[in-house]
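In case you want the letters, here they are:
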Amino acid sequence: MNGVAARSTARALRRRRRRAAAGHVAKRSAVYAVAVCAALLSAAPFLWSLGSAFERGIGRRAPTLAHVRTLLRPALLPTFAVNTLVVGGLVVAVTLALALPAAYALARLGGPAAFGILLLSLVPPPLLLPSQSRIVAALGLADSLWALVLVLPVVTVPVSVWLLAGFVRAVPLDLEEQAMLDGHGRVGAFVRVVLPSALPGVAAVAVLVFTLAAGEFTATLTLVSSVARMPVGTGLPYGATDPSLLRPVRAGTVAAAIPIAVACSLALGRFLAPRSNVGGGA
Amino acid sequence: MAARRERVRLTDRPGFLAGAALLPSAAYLVALVLVPLALTVATGSGGLRAVAGEAVLWRSLGHTLALTGAVVVLVMPLGKVVAYVLRARVRGRWAVRLLVLLPWTTPVALSALAWRGPLGSPTHWLDRPYPAMAAVVAVHVWRLTPLAAVAMAAGLSAVPRDLEDAARLDGAGFWRRTFGVTVPLTLPVDVVTAVFVAAAVFGDLAVVGVLTGGGPRGATQVLPSLAYARGARGGAAVALFLLPLLLAAVAVVLRAVRRGEA
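Residues numbered from 1 in each chain as written. Chains lettered and ligands numbered in written order. Predicted model: local features only at pLDDT ≥ 70, side-chain atom pairs only at ≥ 80, totals over all residues. Heavy atoms only, no water.

*Asks:* Quick question: what am I supposed to make of the overall build of chain A here?
*Replies:* Scanning chain A from N- to C-terminus turns up 12 helices and zero strands. Going residue by residue from the N terminus, the α and β elements of chain A occur as α-α-α-α-α-α-α-α-α-α-α-α. The C-alpha radius of gyration computed for chain A amounts to 26 Å, which surpasses the reference 19 Å derived for 282 residues by more than 25%, pointing to a less compact arrangement than a globule. In terms of overall dimensions, chain A has a C-alpha envelope of 95 × 75 × 35 Å along the principal axes. Buried residues in chain A amount to 47% of all 282 residues. For chain A, restricting intrachain contacts to residue pairs at least 6 apart in sequence, the fraction spanning at least 24 positions comes to 75%. As displayed, chain A has an accessible area near 13500 Å², and 68% of this comes from carbon and sulfur atoms. Seen as two clouds, the 25 positive and the 8 negative side-chain charges of chain A have centres 25 Å apart. (Helix = DSSP H or I, 4+ residues; strand = E, 2+ residues; numbered from the N terminus. Rg over C-alpha atoms; globule rule 2.2 N^0.38 Å. Buried < 20%, exposed > 50% of the residue type's maximum accessible area, 1.4 Å probe, protein only. Contact = heavy atoms within 4.5 Å. Areas by Shrake-Rupley, 256 points an atom, 1.4 Å probe, with all protein chains shown as cover. Lys, Arg positive; Asp, Glu negative; His and termini not counted. Charge placed at Lys NZ, Arg CZ, Asp CG, Glu CD.)

*Asks:* Sorry if this is basic, but what is going on with the packing of helix H5 (residues 129-157) of chain B against helix H7 (residues 174-202) of chain B here?
*Replies:* All names here are of chain B. Here H5 crosses H7 at 150 degrees, and the two axes come no closer than 9 Å. One finds that H5 runs roughly antiparallel with respect to H7. Here H5 runs over H7; the crossing is right-handed. Every residue of H7 that contacts H5 at His140, Leu144, Ala148, Ala151, Met152, Gly155 and Leu156 is listed here: Thr182, Thr186, Val189, Asp190, Thr193, Val197, Ala200 and Val201. Of the residues assigned to the contact of H5 with H7, the class counts are nine nonpolar, five polar and one charged. (Axes fitted to C-alpha atoms, helices over the stretch in contact; angles between N-to-C directions. Parallel < 35°, antiparallel > 145°, perpendicular 65-115°, else oblique. Left-handed = near helix turned anticlockwise from the far one by under 90°. Nonpolar A, V, L, I, M, F, W, Y, C, P; charged D, E, K, R; others polar.)

*Asks:* Where do I start with the side chain of threonine 212 of chain B in this structure?
*Replies:* Residues and elements named next belong to chain B. Among the secondary structure elements, threonine 212 is positioned in the loop between helix H8 (206-211) and helix H9 (223-239). Of the residues examined, threonine 212 reaches a relative accessible area of 17% and is grouped as buried. For threonine 212, the side chain forms a polar contact with the main-chain nitrogen of glycine 214, separated by 3.2 Å. Not counting chain neighbours up to four residues away, the residues in contact with threonine 212 comprise Leu126, Ala132, Val136, Val207 and Thr220. (Polar contact = N/O pair within 3.5 Å; in protein donor to acceptor, adjacent residues only side chain to side chain.)

*Asks:* I keep staring at H7 of chain B and nothing clicks. Help me out?
*Replies:* Given 3.6 residues per helical turn, the α-helix brings residues three or four places apart onto the same face. Over its 29 residues, H7 of chain B runs only 35 Å from end to end, short of the ideal 42 Å by more than 12%, given 1.5 Å per residue. Remark: the principal bend of H7 of chain B, roughly 55 degrees, maps to leucine 187 of chain B, with a proline, proline 188 of chain B, within the next four residues. (Expected span 1.5 Å × (residues − 1). Bend = angle between axes of the 7 residues up to and from the residue.)

*Asks:* Sorry, what's going on with the confidence of the model for chain B here?
*Replies:* Detail in the predicted coordinates should be disregarded across regions flagged by low pLDDT. All names here are of chain B. Averaged over every residue, the pLDDT of chain B is 87; the share at 70 or more is 94%. At the level of individual helices and strands, chain B shows its lowest average pLDDT in helix H6 (residues 161-169), which scores 80, and its highest in helix H2 (residues 55-87), which scores 93. If you check the scores for this complex, the pTM reads 0.85 and the ipTM reads 0.83. (pLDDT = per-residue confidence, 0-100.)

*Asks:* Explanation requested: the nonpolar core in the structure shown.
*Replies:* Grouped burial of nonpolar side chains is what soluble globular proteins tend to show. Ranked by internal contacts, the top residues of the largest apolar core, which has 146 residues, are Leu122, Leu127, Leu164 and Leu236 of chain A together with Leu67, Val71 and Leu211 of chain B. Leucine 122 of chain A has contacts with Val195, Phe196, Ala199, Leu246, Ala249, Val250 and Val253 of chain B, leaving out every residue within four places of it along the chain. (Core = buried A, V, L, I, M, F, W, Y, C linked by side-chain atoms within 4.5 Å.)

*Asks:* Looking at this model, I keep getting lost on a nonpolar patch on the surface. Mind explaining?
*Replies:* All names here are of chain A. Taken together, Val82, Val86, Leu90 and Trp146 make up a surface patch of nonpolar side chains, about 370 Å² in accessible area. The greatest single-element share of the nonpolar patch, amounting to three residues, is contributed by helix H3 (residues 77-108). Position of valine 82 among the secondary structure elements: in helix H3. Taking relative accessible area as the criterion, valine 82 reaches 48% and is therefore assigned partly exposed. (Patch = residues over 30% accessible without salt bridge, like charges linked within 9 Å, V, L, I, M, F, W, Y side chains within 5 Å. Salt bridge = Lys/Arg side-chain N within 4 Å of Asp/Glu carboxyl O.)

Okay, structure coming up:
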């Protein structure tokens, strides 16, 4: 190529590179802008509640902790929090006890697709709750935390089985077979090999189940009527309806919602992270 | 090497083990999902004719359908955008993810309660019928977009890189690549996501209950809240009107999964 053509080609290339770089910067800025907007919109009502929770009253500027102190009175947040923790913990135990074996069976022993079980979570609670509350009443568990422990796994077990099956499938088959060759049998292999390898995933599912149980509203509202036994999800909207409690309830909303959200996000981070093996999981 | 046992242990027979492992969950789900479902259908059918004569029922059904449709139509494109954000490599990715997921990871009643603040006293939207309905739609969209985004991000991750790269090498621009390659591949996941979003709306009691209580004067009443207000027997009859929606949802999901496997 002669000099003139070479220089114009070089100029054209520089122009294209500059345009591409500008386009790249524009794309990155757009992504950041959307991310920031999304983050702000997501946090909006909680930011508002947080602001309102420390207000002293109309016209007064200085923030006050009085509402937070009211919130921490034994009959309010502490009671609700304890109920939430107790129910959540028991529901995690029940769910894992039911879901782990089922997940193993579906992942290893070729049962029907684990996805099918997820269809159960499409069933609207209003179709189930009238009859579930009758069953609960017949068992003498009406208006107790045990009613929740009995019914909430309906929500948590299908998702858990599906997620746990994915984690079990990620444990290499040869590890298990090695354990069985060593004379342990399938159950022994499960306890000795599969569980320890899948433990991080199981932990994440446990956290997720807790947040699902803590967040469940419809079942809790239907099955538990006394305020003293309400968990945080129903206690704050319905157990503290006195108008003077408006701001403490707002503080409580943020105090309860944020830890649950953080825990759930951490657990979800495990599921969203790319798995080490190809083709593992649903 | 340990000596091989001559008789296969009972727990080693795959069929027996699979059955034993599935039994607890299966028994639980039958007892607490299928049996109550059947019971509700049985109790509800008795009151069906009476309830079908009430205008409030049909109004609530209309609200339920309109609400579900509006939310799905808004959530899907927004969720797609947020899905790209969730996958993007930005600094402080964990913080963005935490914040973006906040609407869905917080307990629904608490989010609705939090929204009652700005939507109630300052703006008085909750006191008028149309703004109240718009508020309910907005809170559902706010809450369900992260869920849709997570599901669709997973779907996007499953698209093989080489297909997109090949399309780019062939000269296809962003839009052509998106609609020609990515969309057809993510369609099954997207359809299933849309159905789960719809199910979350038409089965939901919390947002309407905590935000508006079905008001003002029944303007935002939906089937779940009406069923709750009617108690055990009346509620069953009202809830039966949700059954066709459930069956449609299941049918669409099964069809999408089967298509996806093809």
